[in-house]
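# A structural walkthrough
Now for the letters of each chain:
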Amino acid sequence: MTRLPVEICGIALRNPVIAASGTFGYGVEFEKLVDLNRLGGIVVKGLSREPIEGNPPPRLWETHAGMINSVGLQNIGVRAFVAEKLPLLRRYRTAVFANVFGHSVEDYVEVVRVLNDHPGLAGYELNVSCPNTRRGGIFFSSDPGCLAGLVEAVRTVARRPVIVKLSPNVAAIEPLAQAAESAGADALSLVNTFVSLAIDARTRRPRIGAGFGGLSGPAIKPIALRLVYQAAKAVKIPVIGLGGIASGEDAAEFLIAGARAVEVGTATFWDPAAPLKIAEELGRFLQLCEVEDVREIVGTLKF
Ligand SMILES: Cc1cc2nc3c(=O)[nH]c(=O)nc-3n(C[C@H](O)[C@H](O)[C@H](O)COP(=O)(O)O)c2cc1C
């Protein structure tokens, strides 16, 4: 059998397939549907300083080979997470990552400070696709200086590895990947969703309550692959790839593009066990290709 364990900035993963943020709840909601101990890892939904109720409905719209969402980062807040969810997650051996977001550097730093004090997490993933309201609403993810300031501040307080999750909504990914790396990121993950718009031609209104939403699912895979390839070429730190992965072969494509692990999001909407099945499929696919160890294929694209 092909060996599947990998390591990302010192964190051992049973296999390279991680459940992505926002599509796997706080992990524990899935414990009756999936053996959480067999996942490569779990990223919990984004956590903020205070609870957030989220956006008005409709929040989801299915597109050709994809989905638009605007959930509005609904979550119970970091303090309720550490009190109510983290103790349940600690029963599992799987690496758990806390996805963190905010609207100022101080917001991110405060969430990480709270999480630091509680055992049971492998690392932090920063969702930087948020506007910095203290700097005129400029997105952390689109300005290298703004991104570097955030990563540096979080890296200073974080007592666990920091993964910076990049947005695809940029003209060039390399300056942002390099800014995050120079500021101390331990790893990168990409991509987040693509800003998009679905219109109901009959009512002439957006299909999503909040107007714009984020496109995810198989529709975005070719663009995500291109961005992962470019980011992995531009930095030395490990890259985690995601965007539309729905099969073991999809996962292999991201690894070949340069990712050392992958995340699976939207595919869990049609099968909650998708991350696990994709890991199994990846193992079978690599076995057929006579690959002994999954790490052998990382960054092997013949361009
Ligand atoms: C309903 C939904 C909620 C999401 N919530 C978050 C979130 O809280 N934090 C985050 O970093 N990404 C979030 N994402 C983005 C996903 O983690 C992922 O980056 C994106 O959907 C692309 O991967 P996919 O095509 O496999 O879904 C969310 C995506 C969806 C569909």
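This is a predicted model, so every value here is computed, not measured.

## Quick word on the sheet that holds strand β6 (residues 66–69)
With respect to topology, four strands assemble into an open sheet ordered β5-β6-β16-β13, the strand pairing being antiparallel. If you trace the sheet from one side to the other, it starts and ends with β5 (60–63) and β13 (194–196), each paired once. The average undirected angle you get between the axes of adjacent strands in this sheet is 35°. In terms of strand pairing, β6 meets strand β16 (residues 213–216) through three bridges, oriented antiparallel. Looking across to β16, one finds that isoleucine 68 is bridged to leucine 215.

## Observations concerning the pattern of salt bridges
Tallied over the entire structure, the rule returns 14 salt bridges. Between glutamate 31 and arginine 91 there is a salt bridge whose closest N-O contact spans 2.9 Å. Of this pair, glutamate 31 sits in the loop between β3 (17–19) and β4 (41–43) while arginine 91 sits in the loop between α1 (78–89) and β7 (95–100); the two residues are 60 residues apart in sequence, bridging distant segments of the chain. One salt bridge in this structure joins arginine 295 and aspartate 293, with 2.7 Å as the shortest N-O distance. Given a relative accessible area of 6%, aspartate 293 falls into the buried group. The network of salt bridges with common partners includes Arg3, Asp293 and Arg295.

## A word on the site of the ligand
In the neighbourhood of the ligand, 24 residues make up the surrounding shell, with Ser21, Lys165, Gly217, Gly244 and Thr266 lying closest. The backbone of valine 191 places a nitrogen or oxygen atom 3.0 Å from an oxygen atom of the ligand. Protein chains shield 95% of the accessible area of the ligand, which is 610 Å² for the free molecule. Of the residues belonging to the shell around the ligand, the class tally is eight nonpolar, 15 polar and one charged.

The rules behind these values
Residues numbered from 1 in each chain as written. Predicted model: local features only at pLDDT ≥ 70, side-chain atom pairs only at ≥ 80, totals over all residues. Heavy atoms only, no water. Pairing = 2+ DSSP bridges. Helix = DSSP H or I, 4+ residues; strand = E, 2+ residues; numbered from the N terminus. Axes fitted to C-alpha atoms, helices over the stretch in contact; angles between N-to-C directions. Salt bridge = Lys/Arg side-chain N within 4 Å of Asp/Glu carboxyl O. Buried < 20%, exposed > 50% of the residue type's maximum accessible area, 1.4 Å probe, protein only. Near = heavy atom within 4 Å. Polar contact = N/O pair within 3.5 Å; in protein donor to acceptor, adjacent residues only side chain to side chain. Areas by Shrake-Rupley, 256 points an atom, 1.4 Å probe, with all protein chains shown as cover. Nonpolar A, V, L, I, M, F, W, Y, C, P; charged D, E, K, R; others polar.

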